[in-house]
Amino acid sequence: MSDRDPDCLFCKIAAGDIPSDRVYEDDAVIAFRDIHPQAPTHVLVVPRRHVPDVDTLADDDAGLLSALFAAVRRVAELEGLAKGYRVVTNVGAESGQSVFHLHLHLLGGRRMRWPPG
Ligand code: AMP
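What you see is a predicted model, and the numbers here were worked out from it, not measured in a lab.

Please explain the overall build of the protein as it appears in this structure.
A tally of helices and strands in the protein yields two helices and five strands. Against the compact-globule benchmark of 13 Å for 117 residues, the protein has a radius of gyration of 14 Å, which places it among compact chains. Its C-alpha atoms give the protein principal-axis dimensions of roughly 40 × 30 × 30 Å. By residue count, 37% of the 117 residues in the protein fall in the buried class.

Right under this line is the structure:
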């Protein structure tokens, strides 16, 4: 698969073609605030490379996963989420996925409930 899908919203955000409120970025990952926040902190942690979802990760994507979770930890630290936070990723339309470029929702700043809706 190409590193970029020209029709993908998050590829356009990663390229800077569509603006976002970035809180972190490195060679492999960008993180920006969700446009419809569901918590005081709601950041999307996104690989620069176009991967549609968890289902389409390859067995040798361990490095990418490591980079994503390192970015999660860094954003949590930057956002002051020492009391805890939630990390969610949706896979497929039934789960609620609406943007088909892999992303981790990092939610924090309020008490979370379980089970999620
Ligand atoms: P999901 O429904 O799990 O695919 O999550 C996609 C998320 O992207 C939703 O929470 C949307 O609010 C968010 N979103 C959609 N467009 C933008 C955008 N332009 N900038 C930031 N977040 C966005």
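Quick question: what am I supposed to make of the sheet that holds strand S4 (residues 85-88) here?
Adjacent strands of a sheet form backbone hydrogen bonds with each other and so pair up, either parallel or antiparallel. Reading across the sheet, the five strands line up as S1-S2-S3-S5-S4 and stay open at both edges, with antiparallel pairing between neighbours. In this open sheet, the two edge strands, each paired with only one partner strand, are strand S1 (22-25) and S4. The mean inter-strand angle of the sheet, taken between neighbouring strand axes irrespective of direction, is 20°. Where S4 meets strand S5 (residues 104-108), four bridges bridge the pair, whose relative direction is antiparallel. Note that in S5 the partner of Arg86 across the bridge is Leu107. Along the sheet face, helix H2 (residues 62-78) touches S1, strand S2 (29-33), strand S3 (41-47), S4 and S5 and points at about 155° away from the line of S3.

I keep staring at the site of the ligand and nothing clicks. Help me out?
Close to the ligand lie 16 residues; Asp34, Asn90, Ser98, His103 and His105 are nearest. The contact in question runs from an oxygen atom of the ligand to an N or O atom on the side chain of Asp34, over 2.5 Å. Here an oxygen atom of the ligand sits 2.9 Å away from a polar atom, N or O, in the main chain of Gly96. Protein burial of the ligand: of its 500 Å² of free accessible surface, 84% is covered by the chains. With respect to the pocket detection grid, the ligand is positioned in the largest pocket. Where the shell around the ligand is concerned, the elements lending two or more residues are helix H1 (9-15) and S2. Along the lines of polarity and charge, the residues of the shell around the ligand split into seven nonpolar, seven polar and two charged.

Could you clarify how one ought to interpret the side chain of His101 in this entry?
Among the secondary structure elements, His101 is positioned in the loop between S4 and S5. At a separation of 3.2 Å, a polar atom in the side chain of His101 contacts the side chain of His50. Setting aside chain neighbours within four positions, we find His101 in contact with Cys8, Phe10, Cys11, Val46, Pro47, Arg48, Arg49, His50, Val51 and Pro52.

Please explain the nonpolar core as it appears in this structure.
Generally speaking, nonpolar side chains in soluble globular proteins are found buried as a group. Counting 17 residues, the largest nonpolar core has Val29, Val43, Val45, Leu68 and Leu106 as the members making the most contacts within it. If you list the elements that add at least two residues to this core, you get S2, S3, H2 and S5. Discounting residues that sit within four places of it in the chain, Val45 has contacts with Val29, Ile30, Ala31, Leu68, Ala71, Val72, His103 and Leu104.

Just to check I follow, could you spell out the layout of surface pockets for this structure?
The method is simple in principle: a probe with the dimensions of a water molecule rolls over the atoms, and the space it marks as empty is what remains. In this structure, the largest pocket occupies an estimated 830 Å³ of space. Surrounding the largest pocket, 33 residues form its lining, Asp34, Gln38, His42, Asn90 and His105 being those nearest its centre. Listed by contribution, the elements that provide at least two residues to the lining of the largest pocket are H1, S2, S3, S4 and S5. The biggest single contributor to the lining of the largest pocket is H1, with three residues. Counted by class, the lining of the largest pocket contains 15 nonpolar, twelve polar and six charged residues.

The rules behind each value
- Residues numbered from 1 in each chain as written.
- Predicted model: local features only at pLDDT ≥ 70, side-chain atom pairs only at ≥ 80, totals over all residues.
- Heavy atoms only, no water.
- Helix = DSSP H or I, 4+ residues; strand = E, 2+ residues; numbered from the N terminus.
- Rg over C-alpha atoms; globule rule 2.2 N^0.38 Å.
- Buried < 20%, exposed > 50% of the residue type's maximum accessible area, 1.4 Å probe, protein only.
- Pairing = 2+ DSSP bridges.
- Axes fitted to C-alpha atoms, helices over the stretch in contact; angles between N-to-C directions.
- Contact = heavy atoms within 4.5 Å.
- Near = heavy atom within 4 Å.
- Polar contact = N/O pair within 3.5 Å; in protein donor to acceptor, adjacent residues only side chain to side chain.
- Areas by Shrake-Rupley, 256 points an atom, 1.4 Å probe, with all protein chains shown as cover.
- 1 Å grid on protein atoms, 1.4 Å probe; cavity = no way out; pocket = protein on both sides within 12 Å on 5 of 7 lines; lining within 4 Å.
- Sits in = over half its atoms within 2 Å of the grid points.
- Nonpolar A, V, L, I, M, F, W, Y, C, P; charged D, E, K, R; others polar.
- Core = buried A, V, L, I, M, F, W, Y, C linked by side-chain atoms within 4.5 Å.
- Points joined across faces, edges and corners; volume = space filled by probe spheres on them.

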